[in-house]
Each structure stands twice: as structure tokens, then as C-alpha cells.
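These are the residues of each chain, in order.
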Amino acid sequence: QVQLVESGGGLVQAGGSLRLSCVASGSTFSLNANAWYRQAPGKQREVVATISSGGILNYATSVKGRFTISRDNAKNTMYLEMNSLSPEDTAVYYCNNVHRGVFYWGKGTLVTVSS
């Protein structure tokens, strides 16, 4: 069974930075497609950034240039570095891993950006 655990969320002022982490068990990140999603209050969950098994990176237009997705294969951990945060980035951020065609999710970590 694939299990994903996010951490690193919290409260930060606008313009600040946070680094989210996602540790996986039951799946090897380097062999699968991985992504960060987020869901703001009252809104649908949306993809923020993706990284393929080959290391190809993609970002949502709203975060490109501010966020960076990365992976540490030795630690089987995925990261999302968030810079220049604004209140619009406030959301629950979820780690995602596609293993054998099945989407797996963590419980999420809350990021709150104050003005």
C-alpha cells in the first residue's frame, strides 16, 4: 500500500517562503509521476506542480517562477519550495503519486499566508 505524508505547512506572512516535504512508502518516487496539488477553501483541488520519473518539471501558471518542485531519490522524498507567497496561495497542499495507474494522496498540510 502506498502511503504519503506531507509536512512543512504553517502560517507565513505575504512575501515569505515555506518548504513542504512529502515522504513516501510503498512506492519509489523516482520510478513514478509525482505532483503537488492544492485546494483552497470553497474551491476545487488543482495541480500546482508535477515531476515525472525522468525529472521533467511542470508548473501551474499561477505559481511558475515562485514555486519549485524537486525530489530526493535517496530519501524517497518530494519537496515543494514556495517563495513570494501571497494570500492567494492559502490552501491545503497535497502530495500525489501515481503508482501503477492509481492516484495516491497524502492527508495534506495547511499553508496559510497572511497579509
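Parameters at a glance
Residues numbered from 1 in each chain as written. Predicted model: local features only at pLDDT ≥ 70, side-chain atom pairs only at ≥ 80, totals over all residues. Heavy atoms only, no water. Helix = DSSP H or I, 4+ residues; strand = E, 2+ residues; numbered from the N terminus. Rg over C-alpha atoms; globule rule 2.2 N^0.38 Å. Buried < 20%, exposed > 50% of the residue type's maximum accessible area, 1.4 Å probe, protein only. Contact = heavy atoms within 4.5 Å. Areas by Shrake-Rupley, 256 points an atom, 1.4 Å probe, with all protein chains shown as cover. Phe/Tyr/Trp six-rings, centres within 6.5 Å; stacked < 30°, edge-to-face > 60°. Lys NZ or Arg CZ within 6 Å of the ring centre and 35° of its normal. Salt bridge = Lys/Arg side-chain N within 4 Å of Asp/Glu carboxyl O.

**Q** Run through the overall build of the chain, naming residues and quoting values.
**A** A count of helical and extended segments in the chain gives zero helices and eleven strands. N-terminal to C-terminal, the α/β element order of the chain is β-β-β-β-β-β-β-β-β-β-β. In terms of C-alpha radius of gyration, the chain reaches 13 Å, essentially the compact-globule figure of 13 Å for 115 residues. If you line up the chain on its principal axes, its C-alpha atoms span 40 × 25 × 25 Å. Across the 115 residues that make up the chain, the buried fraction comes to 42%. Of the contacts formed within the chain by residues at least 6 apart in sequence, a portion of 54% connects residues at least 24 apart. Entry remark: accessible area of the chain is about 6,100 Å², with carbon and sulfur atoms responsible for 50%.

**Q** How would you summarise the packing of aromatic side chains if you had to cite specific residues and measurements?
**A** Across all of its chains, the model carries two aromatic pairs by this definition. Look at Tyr37 and Trp105: their rings are 4.7 Å apart centre to centre, the planes differ by 75°, and that puts the pair in the edge-to-face class. Placement of the pair is Tyr37 in strand E4 (residues 33–39) and Trp105 in strand E10 (residues 102–105), with a sequence separation of 68 residues. Owing to a relative accessible area of 17%, Tyr37 belongs among the buried residues under this scheme. The partly exposed category is assigned to Trp105, whose relative accessible area is 34%. Pairing Phe103 with Trp105 gives two aromatic rings, centres 6.4 Å apart and planes at 40°, and the pair type is tilted. Through pairs of rings, three or more aromatic residues link up here, namely Tyr37, Phe103 and Trp105. Over the face of the ring belonging to Tyr79 we find Arg19, whose NZ or CZ atom lies 4.0 Å from the ring centre. The ring of Tyr94 carries Arg45 above its face, with NZ or CZ at 3.7 Å from the centroid.

**Q** Break down the pattern of salt bridges for me, with residues and values.
**A** What the rule picks out here adds up to four salt bridges. For Glu81, the salt bridge identified is with Arg19, shortest N-O distance 3.9 Å. A residue pair is termed long-range when its members are at least 10 positions apart, and Glu81 in strand E8 (residues 77–82) and Arg19 in strand E3 (residues 18–25) qualify at 62 residues. Among the salt bridges present, the one from Arg38 reaches Glu46, with a minimum N-O distance of 3.1 Å. Overall, the relative accessible area of 37% leaves Glu46 in the partly exposed class. Each of the salt bridges in this network shares a partner with another, and the network as a whole consists of Arg38, Glu46, Arg66 and Asp89.

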